[in-house]
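Close look at the chain arrangement
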Amino acid sequence: MKISRDLVDELISHAREELPNECCGIVGGRNGKATTVYRARNEFESPLRFGVDSDDLYRIVLKEMPSRDEELLAIYHSHTKSKAYPSQTDLNMAQASWPDAVWVIVSLEDHSNPDVKGYWLKDLTIAEAELAVE
């Protein structure tokens, strides 16, 4: 997935603003290039778990993205105290909800040096997805 430095900075900013809880949202785009970060509410308001609020999901995926001619490229969330690597919960959630999306994780384990990585989580396997920052 191609993504601009400004959008990566938006992901990091969202993660920092939601501390101590995990943030979450959706990245929309066209032809594999990210164009918009859609912030969503974490329905669990938790530092250990996330769930995209259903009202936000409906608004983003069925209204805002189609009006911009975008497709869902990625689901993103933060890890507040662990590495930018999918947890078993992330892997299980991907199978149940968005197995064809890139899963982007923003790690704030080192708050002064956030780490942002993407993964394909399909068929209970984890494969790193290239995030080409432009």
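Let me begin by describing the structure that accompanies this report. (Residues numbered from 1 in each chain as written. Predicted model: local features only at pLDDT ≥ 70, side-chain atom pairs only at ≥ 80, totals over all residues. Heavy atoms only, no water.)

1. Notes on the overall build of the protein chain
Looking only at helices and strands, the protein chain features three helices and eight strands. Each principal axis of the C-alpha distribution contributes one length, and for the protein chain these read about 35 × 30 × 30 Å. Scored against the burial criterion, the 134 residues of the protein chain give a buried share of 46%. Only carbon and sulfur atoms are counted for the fraction: they give 47% of the accessible area of the protein chain, which is about 7100 Å². Placing the 15 positive and 24 negative side-chain charges of the protein chain at their respective mean positions leaves the two points 2 Å apart. (Helix = DSSP H or I, 4+ residues; strand = E, 2+ residues; numbered from the N terminus. Buried < 20%, exposed > 50% of the residue type's maximum accessible area, 1.4 Å probe, protein only. Areas by Shrake-Rupley, 256 points an atom, 1.4 Å probe, with all protein chains shown as cover. Lys, Arg positive; Asp, Glu negative; His and termini not counted. Charge placed at Lys NZ, Arg CZ, Asp CG, Glu CD.)

2. A short note on the environment of E128
On the secondary structure map, E128 appears in strand β7 (residues 125-129). By relative accessible area, E128 is classed as exposed at 55%. Residues E128 and W103, spaced 25 residues apart in sequence, show a C-alpha to C-alpha distance of 9.3 Å. Setting aside chain neighbours within four positions, we find E128 in contact with K117, G118, Y119 and W120. (Contact = heavy atoms within 4.5 Å.)

3. A few points about unusual backbone geometry
Following L19, the chain continues into P20 via a peptide bond in cis, with omega recorded as 10°. The residue P20 is located in the loop between α1 (5-18) and β2 (24-30) in this model. Phi is positive for N31, which is not a glycine, with a value near 50°. Looking at where N31 falls in the secondary structure, it is placed in the loop between β2 and β3 (33-40).

4. Concerning the side chain of D56
Along the polypeptide, D56 turns up in helix α2 (residues 54-67). Non-local contacts of D56, meaning those with residues more than four positions away in its chain, are made with A40 and R41.

5. What about the nonpolar core?
One finds M1, I3, L11, V27, Y76 and V104 to be the most contacted residues of the largest nonpolar core, which totals 20 residues. Secondary-structure elements contributing two or more residues to this core are α1, β3, β4 (71-79) and β5 (102-107). The greatest single-element share of this core, amounting to five residues, is contributed by α1. Once residues lying within four places of it in the same chain are set aside, the contact partners of Y76 are L11, H14, C23, C24, G25, I26, V27, V37, Y38, R39 and V104. Core analysis: the second largest hydrophobic core is formed by 19 residues, Y38, M65, A84 and L91 among them. (Core = buried A, V, L, I, M, F, W, Y, C linked by side-chain atoms within 4.5 Å.)

6. Digging into the environment of E22
Summarising the element assignment, E22 is placed in the loop between α1 and β2. Looking at E22, the relative accessible area reads 6%, which means it is buried. The sequence separation of E22 and L48 amounts to 26 residues, and the corresponding C-alpha distance is 6.8 Å. Setting aside residues no more than four positions away along its own chain, E22 makes contact with N42, S46, P47, L48, R49, F50, H77, S78, H79 and T80.

7. Examining the packing of aromatic side chains
Within this structure, the stated rule accounts for three aromatic pairs. Measuring from centroid to centroid gives 5.5 Å for Y85 and Y119, while their planes differ by 80°, and the two rings are edge-to-face. Here the residue Y85 occupies a position in the loop between β4 and α3 (88-96), and Y119 occupies one in strand β6 (residues 115-122), the gap between them amounting to 34 residues. Residues W98 and W103 carry aromatic rings whose centres are separated by 6.2 Å and whose planes lie at 50° to one another, so their mutual orientation is tilted. On the basis of relative accessibility, which here comes to 1%, the residue W103 falls in the buried class. Here a set of aromatic residues connected by ring pairs shows up, and it is made of F50, W98 and W103. A cation over an aromatic ring shows up here: R49 above the ring of F44, its NZ or CZ 3.9 Å from the ring centre. (Phe/Tyr/Trp six-rings, centres within 6.5 Å; stacked < 30°, edge-to-face > 60°. Lys NZ or Arg CZ within 6 Å of the ring centre and 35° of its normal.)

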